[in-house]
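# Examining the three-dimensional arrangement
In case you want the letters, here they are:
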Amino acid sequence: MKITYINQMCYLIEADGLRIVTDPYLSYAVDSADRGAVRKYAPPTTLAELNPDIIVVSHPHTDHLDPQTLAPFYRLRRRSFTLVPAPCANKISEIGGEAVPMSAPDAAKLGESFRLAGVTVTAIPCAHTELHRDEEGDYIELSYLIEAEGKKVFFGGDMSMYEGLLEALCEISPDVMLLPVNGSDWFRTSRNIIGNLDSNEAAELAATVGTRMFIPGHHDLYDFNGCPNEWIEFSAKKFGAPLKLLRPCESVEI
């Protein structure tokens, strides 16, 4: 299994002959919508170049579900399945994608699974600061457990802790955890920027769960909503987390 960090919460996972891409954001869509947002580096690739068999989307914020990134790929008519929280499935269909609605029955419980060849992807409710459901009771934000080649990868998406999640993750015992580290604060909350785990929370979670590798994300693309590498490294050392800090397009084999 090979994992490549792309940017934000976008990773490429190569396993069992398949290519899985999480939360593809490879445009300047956030910059266009927010004058205070300026990418620190250009999109390092395109979705067509990543050529995923499976796309995993955690929630509908633009830097995770980005029509400017997804629509050009869908227009190529490449065969790909886009796993997305059920309340957001229409957003994928509207831009020409093949949406696979994913849901989970309750917090801290494994939900629906999608299987393709030797890869299984299972939905887990995600709290983006809080747990959010739509009128049908489906969670609007999801994390995912990706299983392939006898390994388990937990992709947190934009996540915060909630009651029962730690115990559930300890039971799952993922080999790799892909976690946001940008945190939250009053200033960003006042601008309607919803927060995630901070570097201390992510490191302590990874250490407590006992994962073999913790790969951070959501830290290096936007200054206003990021986290310095020094903070991430300090937190990992503080809690004894098995940190692997990757640069954009840098890979690690598991």
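Described below are features of the structure shown in this document. (Residues numbered from 1 in each chain as written. Predicted model: local features only at pLDDT ≥ 70, side-chain atom pairs only at ≥ 80, totals over all residues. Heavy atoms only, no water.)

## As for the packing of aromatic side chains
Definition in use: Working definition: a ring pair exists when centres of Phe, Tyr or Trp rings (six-membered ring for Trp) sit within 6.5 Å. Plane angles under 30 degrees give stacked, over 60 give edge-to-face, the rest tilted. Secondary structure elements are defined from DSSP: runs of H or I of at least 4 residues count as helices, runs of E of at least 2 residues count as strands, and each element is numbered from the N terminus. Each residue's exposure class comes from its accessible area (1.4 Å probe, protein chains only) as a fraction of the maximum for that residue type: buried when under 20%, exposed when over 50%, partly exposed otherwise. Consider the ring centre and the ring normal. A charge sits over the ring if Lys NZ or Arg CZ is within 6 Å of that centre and within 35 degrees of that normal.
Inspection of every chain in the model, using the stated rule, returns six aromatic pairs. When the ring of Tyr11 is compared with that of Phe155, the centres are 6.3 Å apart and the planes differ by 75°; the resulting orientation is edge-to-face. Taken together, the residues Tyr11 in strand β2 (residues 10-15) and Phe155 in strand β12 (residues 151-155) connect sequence positions 144 residues apart. Judged on exposure class, the residue Tyr11 and its partner Phe155 are both buried. An angle of 50° between the planes, with centres 5.4 Å apart, marks the rings of Phe81 and Phe114 as tilted. Placement of the pair is Phe81 in strand β5 (residues 81-85) and Phe114 in strand β7 (residues 113-116), with a sequence separation of 33 residues. You'll find Phe81 and Phe114 in the same group, each marked buried. Above the plane of the ring of Tyr28 lies Arg39, whose end atom (NZ or CZ) is 5.7 Å from the centre. Here the basic side chain of Arg39 rests over the ring of Tyr41, its NZ or CZ set 5.9 Å away from the ring centre.

## Here we look at helix α8 (residues 229-239)
To keep things clear, this is the line we draw: Throughout, the arc means that of the directions going from the helix axis to the C-beta atoms. A contact between two residues is defined here by any heavy atoms of the two lying within 4.5 Å.
Among the residues of α8, those classed as buried are Ile232, Ser235 and Ala236. Looking straight down α8, one finds its buried side chains confined to an arc of 100°; they lie on one side. Opposite the packed face of α8, turned more than 90 degrees from it, sit the exposed residues Glu230, Phe234, Lys237 and Lys238. For α8, the secondary structure elements touched by its buried residues are α7 (199-209) and β14 (213-217). Positive backbone phi, at 75°, marks Gly240, one or two positions downstream of α8.

## Description of the pattern of salt bridges
For side chains bearing opposite charge, pairing can occur when the charged atoms are close. Using the following cut-off: Within this document, salt bridges are pairs made up of a side-chain nitrogen of Lys or Arg and a carboxyl oxygen of Asp or Glu, the two lying within 4 Å of each other.
Evaluated as defined, the whole model comprises six salt bridges. Between Asp185 and Arg188 there is a salt bridge, with the nearest N and O atoms lying 3.1 Å from each other. Where Arg247 meets Glu250, a salt bridge forms, and the shortest distance between an N and an O atom there is 3.9 Å. Residue classification places Glu250 among the partly exposed residues on the basis of a relative accessible area of 24%.

## Brief notes about the pairing of β2
Definition in use: Pairing between strands requires that DSSP locate at least two bridges from one strand to the other.
For β2, a buried count of five out of six residues is recorded, marking the element as mostly surrounded by other parts of the structure. Pairing between strand β1 (residues 2-7) and β2: five bridges, direction antiparallel. By the bridge assignment for β2, Thr4 is matched with Leu12. In terms of strand pairing, β2 meets strand β3 (residues 18-22) through four bridges, oriented antiparallel.

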